[in-house]
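Fold and geometry: a report
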Amino acid sequence: MEAHEEYLRLLEATGAHDRASSIAVNDYSLPYLLGELVAMRSGQDPESLEKLIRRAVDGGHPNALSELATHWRRIGRHDDADAVCRFGLTAEGVPAAAW
């Protein structure tokens, strides 16, 4: 597993950000890589990180909603984070409410 993380680090260090994103978002056999990439990019602006995570959400990544909630908690959107954990997202991409 460590080799995959190192590969992501190498891609990021060499500026191959699109390739790193593609691997983390699309490789469901290694779902933890999305979280690793988000952690590596934690210094980026929050909108860029959210865009990456939403790409994973849209693609059906198994860890994406959890990563979105974690990201929202980091930037102070606690109510939205709680809602997405409990109810998911609507088709419009906003936190769903109880029905």
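Details of the structure are given in the entry above.
Residues numbered from 1 in each chain as written. Predicted model: local features only at pLDDT ≥ 70, side-chain atom pairs only at ≥ 80, totals over all residues. Heavy atoms only, no water.

**Description of the overall build of the chain**
Within the chain, the secondary structure is distributed over six helices and zero strands. Beginning at the N terminus, the succession of helices and strands in the chain can be written as α-α-α-α-α-α. Here the C-alpha atoms of the chain give a radius of gyration of 14 Å, agreeing with the 13 Å that 2.2 N^0.38 yields for 99 residues. Structurally, the chain occupies a C-alpha span of about 45 × 25 × 20 Å along its principal axes. Across the 99 residues that make up the chain, the buried fraction comes to 34%. Of the contacts made within the chain by residues no fewer than 6 positions apart, 42% connect residues no fewer than 24 positions apart. A total accessible area of about 5900 Å² is found for the chain, and carbon and sulfur atoms account for 52% of it. (Helix = DSSP H or I, 4+ residues; strand = E, 2+ residues; numbered from the N terminus. Rg over C-alpha atoms; globule rule 2.2 N^0.38 Å. Buried < 20%, exposed > 50% of the residue type's maximum accessible area, 1.4 Å probe, protein only. Contact = heavy atoms within 4.5 Å. Areas by Shrake-Rupley, 256 points an atom, 1.4 Å probe, with all protein chains shown as cover.)

**Section: the packing of helix α1 (residues 2-13) against helix α3 (residues 32-40)**
Packing of α1 against α3 brings their axes to within 10 Å, and their N-to-C directions diverge by 40°. Considering the angle they form, α1 stands oblique to α3. The way α1 lies across α3 gives a crossing that is right-handed. On α3, the residues that touch His4, Glu5, Leu8, Arg9 and Glu12 of α1 are Tyr32, Leu33, Glu36, Leu37 and Met40. Grouping the constituent residues of the contact of α1 with α3 by class yields five nonpolar, one polar and four charged. (Axes fitted to C-alpha atoms, helices over the stretch in contact; angles between N-to-C directions. Parallel < 35°, antiparallel > 145°, perpendicular 65-115°, else oblique. Left-handed = near helix turned anticlockwise from the far one by under 90°. Nonpolar A, V, L, I, M, F, W, Y, C, P; charged D, E, K, R; others polar.)

**Things to note about the nonpolar core**
One finds Leu8, Leu33, Leu34, Leu37 and Val38 to be the most contacted residues of the largest nonpolar core, which totals 21 residues. Breaking this core down by element, the ones donating at least two residues are α1, α2 (17-26), α3, α4 (46-58), α5 (64-74) and α6 (78-87). Sequence-distant contacts of Leu34, that is, excluding residues within four places in its chain, are made with Ala24, Val25, Ala56, His61, Asn63, Ala64 and Glu67. (Core = buried A, V, L, I, M, F, W, Y, C linked by side-chain atoms within 4.5 Å.)

**Description of α4**
The end-to-end C-alpha separation of α4 is 18 Å, in line with the 18 Å expected for 13 residues at 1.5 Å each. Along α4, the positions that sit buried rather than exposed are Leu49, Glu50, Leu52, Ile53 and Ala56. End-on view of α4: buried residues confined to an arc of 160°, all on one side of the axis. Every exposed residue of α4 that faces more than 90 degrees away from the buried side is listed here: Glu47, Lys51 and Asp58. Contacts from the buried residues of α4 go to α2, α3 and α5. Just past α4, the residue Gly60 takes up positive phi, approximately 80°. (Expected span 1.5 Å × (residues − 1). Arc of directions from axis to C-beta.)

**Details of the environment of Glu36**
Tracing the chain through its elements places Glu36 in helix α3. For Glu36, a relative accessible area of 26% corresponds to the partly exposed category. Spatially, the C-alpha atom of Glu36 lies 19 Å from that of Asp58, the residues being 22 residues apart in sequence.

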